[in-house]
Structures are given as C-alpha cells and as structure tokens.
There are 2 protein chains.
Amino acid sequence: MKFHGYFRSSSAHRCRIAFNLKGLTPEFQSVHLRRNGGEQNTPEYRALNPQGLLPALETDGLVLTQSLAIIEWLDETYPESSLIPDDKDIRAKVRAFSQIIACDIHPLQNLRVLQYIKGDYGQDQAAADAWCQRWIGDGLAACEAMLQSFGNHGNFCFGETPGLADICLVPQVYSAHRFGVDMSAMPRLSKVFDACEAMPAFDDARPSVQPDAED
Amino acid sequence: MKFHGYFRSSSAHRCRIAFNLKGLTPEFQSVHLRRNGGEQNTPEYRALNPQGLLPALETDGLVLTQSLAIIEWLDETYPESSLIPDDKDIRAKVRAFSQIIACDIHPLQNLRVLQYIKGDYGQDQAAADAWCQRWIGDGLAACEAMLQSFGNHGNFCFGETPGLADICLVPQVYSAHRFGVDMSAMPRLSKVFDACEAMPAFDDARPSVQPDAED
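This section reports on the structure supplied with the text.

Here is what the cut-offs are and how they apply
- Residues numbered from 1 in each chain as written.
- Chains lettered and ligands numbered in written order.
- Predicted model: local features only at pLDDT ≥ 70, side-chain atom pairs only at ≥ 80, totals over all residues.
- Heavy atoms only, no water.
- Contact = heavy atoms within 4.5 Å.
- Buried area = accessible area lost by both parts, 1.4 Å probe.
- Salt bridge = Lys/Arg side-chain N within 4 Å of Asp/Glu carboxyl O.
- Pairing = 2+ DSSP bridges.
- Helix = DSSP H or I, 4+ residues; strand = E, 2+ residues; numbered from the N terminus.
- Axes fitted to C-alpha atoms, helices over the stretch in contact; angles between N-to-C directions.
- Buried < 20%, exposed > 50% of the residue type's maximum accessible area, 1.4 Å probe, protein only.
- Right-handed = clockwise from strand over helix to strand, strands pointing away.
- Core = buried A, V, L, I, M, F, W, Y, C linked by side-chain atoms within 4.5 Å.
- Patch = residues over 30% accessible without salt bridge, like charges linked within 9 Å, V, L, I, M, F, W, Y side chains within 5 Å.
- Areas by Shrake-Rupley, 256 points an atom, 1.4 Å probe, with all protein chains shown as cover.
- Lys, Arg positive; Asp, Glu negative; His and termini not counted.
- Charge placed at Lys NZ, Arg CZ, Asp CG, Glu CD.
- Expected span 1.5 Å × (residues − 1).
- Bend = angle between axes of the 7 residues up to and from the residue.
- Phe/Tyr/Trp six-rings, centres within 6.5 Å; stacked < 30°, edge-to-face > 60°.

Here we come to the interface of chain A and chain B. Taken together, the contact pairs 44 residues of chain A with 44 residues of chain B. Both faces considered, chain A and chain B share a buried interface measuring about 4,100 Å² in area, 60% of it formed by carbon and sulfur atoms. When the area that chain A buries against chain B is broken down by residue, the three leading residues are Arg112(A), Tyr116(A) and Tyr121(A), summing to 16%. Applying the counting rule to chain A against chain B returns 6 salt bridges.

Here it is, written out as structure tokens:
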C-alpha cells in the first residue's frame, strides 16, 4: 500500500490513525499542498485523484480516495480491531457523527476555500479565522450534544474502543485548537480527545511528528 | 417512520430518492428553512437534531441524521433493491464519489454558508453564485473523471441499477442547473442524470413536486 498525504491535512490525519489502529504501515508519499503551486495539482497526482485533494491510497492497482471511504474499506479489508460497530443503529450514529465533521466542518476550512475567501473576497486572516471558528464551533457543539444524548460513559465516542467517530474527532480538535475555538462547553469531546491522545495509535499520527512536518 | 425535510434541500432530496427506490413512504414533516427565522432552529427540531440541519428521520424511537448515514442505514434495514454494491472495492468507489458531492460540494453551497458570505463578507448575489459555480464545477468535474476512469458503460454511475452514487448525483445536478454550471464537458454525468430522471423513483422526488414546494 502507498499512502499519499500531508502532515497538516485532517483527512490524511484520519487515515494515519486508522492505519495505526489496524497495525498497517503503508509506504508514505508526501504531497505538499503549498509547494510548487501545490503538489496536489501535478498531472501525476491528478491522474491518481482527479479531485486534487488528499488523501489517496494505492493498493493492488486500486486507487481509493475520500478519507471516510478509505477507512470503511480498511475496516472491511482488515476486520481485526474493528472501527465501525456491528449494531446498525449505532453504526448510523457513528457515521452521522463522522459526517458532521467530514461534511459540515472540515471542507469549509480547507485550503482551497480559505484561499478563495482571501483572494476573491479580499478577506484578511482575522476574517478567515472567524469563518473557521464559526463552522468548527457550530459543528463540534452538535457533536457534543450528540454524544451527550447517546449517553455512553466510556472513554470513547460510542464505546469502549476507539473507532471511526474518534478518528474523525481528534484531527478536528487539533484544528479547533489551532483556530482558537472555545471548547470549554464540550466536556465529553474533551474527555474523548484526552483518552485518544493517550494512545500511541493517535499520538504517532499527529501532524508534528510526521516525516513531512514543518513548523 | 417520520421524515423531516424541505423541498429544496439536496440532502433531503437524496433521502426521498432512496425511500422511493426502496418503496418506503414515511410520514413527511416540512421544516421550512426560511420561514420564522428558520424552522430548523426551533427548540423542537434542535432537540431532534442539535446540528439544526436537514434531514432527520425518526423511526422506532431512533433519530437518524446526515443523509449518507440515513441511506446506508436504510439499505442495511431494507436490503431489497440494494443501493450499495456487494463488492468492497466498488463500494469504496461509490462512497468516495458520493462523498465528493456530500463533503466537498454541497456543504459549501448550504444556506447558512451563503448567508455568511452575503452577511459577514458583504458579497452580492453574483459573487455568491460564482462561489457556488466554482465548487460545483470542480467537484462534478472530478466525479466525471472518476466515472470515465471506472469505465462502466451502463446507464448508472457504477452499475446497471441506481444506487447511492446516483442518489447523490441527481440533486447536485439540479443545483448545478440552478447556479448555471456548464456541464457540457461532463457527458457521462449527463447521461446518468437523464437515465435517473426517466425513473419514477427519481422523478417523484424532485423538489418542485413536493408538498412544501414553492416557486
């Protein structure tokens, strides 16, 4: 397996956690989003992923894209250390929680979107930061409410072991911290984040310890 | 089952197609996004879905949110007329295609986002339309490339019967038309759209024939 990622990409971060939880060690290919006009725009990378976004996973001639699709495929292909619950009702909750992050938070703070806001709309960094704070804050508040109403009191979002929801949560909390989002009213998310961070599978996946990390 | 939707919501539109393909007829509750300060913001609706976005599906005391999670749950609960392929590699492609739309196109043209652009950033309708055209155009171009490289020559995205990818595509093409996106370089998507539109399950789900439709 060959994994195309970037240390700061939340979507790549999700996949790194999943690889670690599964004990998989794919070859890593860095795709630098800000160098050479964005390496995601080279013809070579676009041939792999015509969307020009990260991540992409090459495996046995198959090219997989979109982090949630990649993680579900990993879970189906390497069933040990399951990331998705067997109960279909809980599975729907896990997927919905993950999609709050993957659909309604993260794409709004993506590099291409922030470039548009600053370029085409002439907004400054403070205005772009306020934009990110708004969508991250609203989305994580909904995630907190969802966990509170689900009522699991274990260490992780929906059970006693980490899975897809936790994998989506942790990179998003990293970016919440980066953009200065106030998480004081989100005790359940903060507790899950702390439990995840104590695990090597999560700790080893954090952006700052990746081979392509920069300040 | 009770379905909370709105005629013009793409996410609700996806679920309507899935219900029709499965032969399900949930009770419908309209949640008007522009009336009374947005009915999605009432305490009653927020109690169901703390995110305050559509859709939500109530079924046997369970509340499901996020359209892709709802559709996967429907497919697992009502397996006849399967919407998701059995082959895990093709399933990963279907999910990735669907997530291009559900993560990287649709949330960027959501009402709350357009309100922010016009309100906080003071942009006019033309600037908001250009924003939508950009993300819809880029995303659908990636969808087109994905289908071309997959190489299925049947009527639908990934096979001979409609499924999750087609369900996501059709509402997005509706909004592409609404925002004047040029689809002339997307022959494969256009062919799939036409094949879907010829089916009652899709035709009966279109926004203009819903009970809460307005001009």
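A word on the sheet that holds strand 1 (residues 2-5) of chain B. Residue and element names in this part refer to chain B. Reading across from one edge, 2-1-3-4 is the order of the 4 strands in this open sheet, with mixed pairing throughout. If you trace the sheet from one side to the other, it starts and ends with strand 2 (27-30) and strand 4 (62-65), each paired once. For this sheet, the mean angle separating the axes of adjacent strands, direction not counted, is 20°. Where strand 1 meets strand 2, 4 bridges bridge the pair, whose relative direction is parallel. Directly across from phenylalanine 3, in strand 2, lies its bridge partner phenylalanine 28. Sheet strands touched by helix 1 (residues 10-22): strand 1 and strand 3 (56-59). Its angle to strand 1, the strand with the most contacts, is close to 150°.

Below, the discussion takes up helix 3 (residues 67-77) of chain A. Counting buried residues along helix 3 of chain A, 9 of its 11 residues qualify, which places the element largely inside the surrounding structure. Along helix 3 of chain A, the positions that sit buried rather than exposed are Ser67(A), Leu68(A), Ala69(A), Ile70(A), Ile71(A), Glu72(A), Trp73(A), Leu74(A) and Asp75(A). Looking at the buried positions of helix 3 of chain A, the neighbouring elements they touch are helix 1 (10-22), strand 3 (56-59), strand 4 (62-65), helix 4 (88-104) and helix 7 (164-178) of chain A together with helix 4 (88-104) of chain B.

Right, let's get into the pairing of strand 1 of chain B. A regular strand places its side chains so that they alternate between the two faces of the sheet. Residue and element names in this part refer to chain B. Traced from strand 1 through helix 1 to strand 2, the parallel crossover comes out right-handed. Direction of pairing for strand 1 relative to strand 3: antiparallel, over a ladder of 3 bridges. When the bridges of strand 3 are listed, phenylalanine 3 appears paired with leucine 57.

Further remarks concern the nonpolar core. One finds Phe97(A), Trp131(A), Phe97(B) and Trp131(B) to be the most contacted residues of the largest nonpolar core, which totals 134 residues. Excluding anything up to four places from it in sequence, Trp131(A) contacts Leu108(A), Val113(A), Leu114(A), Ile117(A), Val113(B), Tyr116(B), Ile117(B), Tyr121(B) and Trp131(B).

All names here are of chain A. Taken together, the side chains of Arg8, Arg34, Lys118 and Arg178 present a region of like positive charge at the surface. Inspection of the secondary structure assignment puts lysine 118 in helix 5 (residues 111-119). Take lysine 118: its relative accessible area is 34%, and that puts it in the partly exposed class.

Right, let's talk about helix 4 of chain B for a bit. Along an α-helix, a turn takes 3.6 residues, which lines up residues three or four apart on a common side. Residues and elements named next belong to chain B. An ideal rise of 1.5 Å per residue puts 24 Å on 17 residues; helix 4 measures up with 23 Å between its terminal C-alpha atoms. Most pronounced at serine 98, the bend in helix 4 amounts to some 25°. By the criterion of burial, helix 4 is predominantly enclosed, with 14 of the 17 residues buried.

Turning to the packing of aromatic side chains, a few remarks are in order. Residues and elements named next belong to chain A. Throughout the structure, instances matching the rule amount to 22 aromatic pairs over all chains. Considering the side-chain rings of tyrosine 6 and phenylalanine 7, the 5.0 Å spacing of their centres and the 65° angle between planes classify their relative orientation as edge-to-face. Look at phenylalanine 97 and phenylalanine 158: their rings are 5.6 Å apart centre to centre, the planes differ by 85°, and that puts the pair in the edge-to-face class. Of this pair, phenylalanine 97 sits in helix 4 while phenylalanine 158 is found in the loop between helix 6 (125-150) and helix 7, placing the two residues 61 residues apart along the sequence. Residue phenylalanine 97 is classed as buried on the basis of its relative accessible area, which comes to 0%.

Any functional reading would require information that these geometric values do not contain.
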